[in-house]
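# Working through the structure, step by step
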Amino acid sequence: MRGEIDGLLVQSGLTVDMLSHLQEDTGFGDRPVVSLTAPIDGCPAVLRDERLGGKLAMAHLLELGHRRMLHLSKGGRGYPETARLDGYRDACREAGISFDECLIPVQLTHDHLAEEPLRAAVEAHPEATALLAHNDPVAIMACYALQGMGKRIPEDISVVGWDDTDPFPDANGNNQLTSVGFDLIELGRRAARYLIDRLEDRPDGGAPAAIQPQLQVRGSTAPPCAKNGYRQSILGR
């Protein structure tokens, strides 16, 4: 590294070993590094409150009356997966419902290969009335896959996405996907400000507060009502 960089904002992929290598490089040295969305040892991070997001999503489905939910994710044991699972547990505990009986894990190898494991899960667990996806693209693919299985959204299965970045439009172009969203512009702003403060040697007040989630409730979630559809399906258009 030739030293033209004053500091570094990292969105993903930086490991502790990579950070150590950077700091040992004479072209980078002790220049400040700030991580976005993921905690890294030895590096300040601007995070999203993933645990609260998980709690909001699960609480929403529980309040609607769902008790068996498919959880479509890559099943990682690190952040943010563990934080979201803790949030799901928080909601189940507060509702007096068994987390282990409520959540049905569905393992993904790649985001674009969701249909086969989803189909197997739906066949194995016909009692499931809701689905939690680890991001919006997976949630949208799940909606179309469920449509191919003859399922209606939300009458047969409610679907919740994550990030609130990708729309699932109805016939009028209105986004119908219920999703856990975060103010990503504010996240970037806080990270950039923190990095600039380090570059200008301003007092370090600690990493900025986590970005709080907002559950955007739309047409892909509703009370379970598989036998008697009470409103027009957004997928059956």
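This write-up is about the structure you can find in this document. (Residues numbered from 1 in each chain as written. Predicted model: local features only at pLDDT ≥ 70, side-chain atom pairs only at ≥ 80, totals over all residues. Heavy atoms only, no water.)

### Some details on the sheet that holds strand 8 (residues 178-181)
- Taking strand neighbours across the sheet as the criterion, the six strands line up as 5-4-6-7-8-9 in an open arrangement whose pairing is mixed. Sheet topology places strand 5 (103-107) and strand 9 (214-216) at the edges, where each strand pairs with a single neighbour. Averaged over all neighbouring strand pairs, the angle between strand axes comes to 20°, with direction disregarded.
- In the sheet, strand 4 (residues 69-73) pairs with strand 5 via five bridges, with the strands oriented parallel. (Pairing = 2+ DSSP bridges. Helix = DSSP H or I, 4+ residues; strand = E, 2+ residues; numbered from the N terminus. Axes fitted to C-alpha atoms, helices over the stretch in contact; angles between N-to-C directions.)

### Here we look at helix 2 (residues 50-64)
- Between its terminal C-alpha atoms helix 2 stretches 22 Å, which fits the 21 Å expected from 15 residues at 1.5 Å a residue.
- Among all positions in helix 2, only Glu50, Gly53, Gly54, Ala57, Met58, His60, Leu61 and Leu62 are buried.
- Looking one or two residues past helix 2, Gly65 carries a phi angle of roughly 110°, positive in sign. (Expected span 1.5 Å × (residues − 1). Buried < 20%, exposed > 50% of the residue type's maximum accessible area, 1.4 Å probe, protein only.)

### Concerning the side chain of Asp163
- Position of Asp163 among the secondary structure elements: in strand 7 (residues 158-163).
- On the accessibility criterion, Asp163 (18% relative accessible area) is buried.
- Of the polar contacts made by the side chain of Asp163, one reaches the side chain of Arg48; its length is 2.8 Å.
- Those residues within four positions of Asp163 in sequence are excluded, and the remaining contacts are Arg48, Asn135, Asp136, Ser179, Val180, Gly181 and Phe182. (Polar contact = N/O pair within 3.5 Å; in protein donor to acceptor, adjacent residues only side chain to side chain. Contact = heavy atoms within 4.5 Å.)

### So, unusual backbone geometry
- Backbone torsion omega between Tyr79 and Pro80 reads 10°, so that peptide bond is classified as cis.
- For Pro80, the location among the structural elements is in the loop between strand 4 and helix 3 (81-95).
- The phi dihedral of Thr37 is positive, around 75°, even though this residue is not glycine.
- Tracing the backbone through its elements, the reader meets Thr37 in the loop between strand 2 (33-36) and strand 3 (45-46).
- For Thr37, a relative accessible area of 24% puts it in the partly exposed group.

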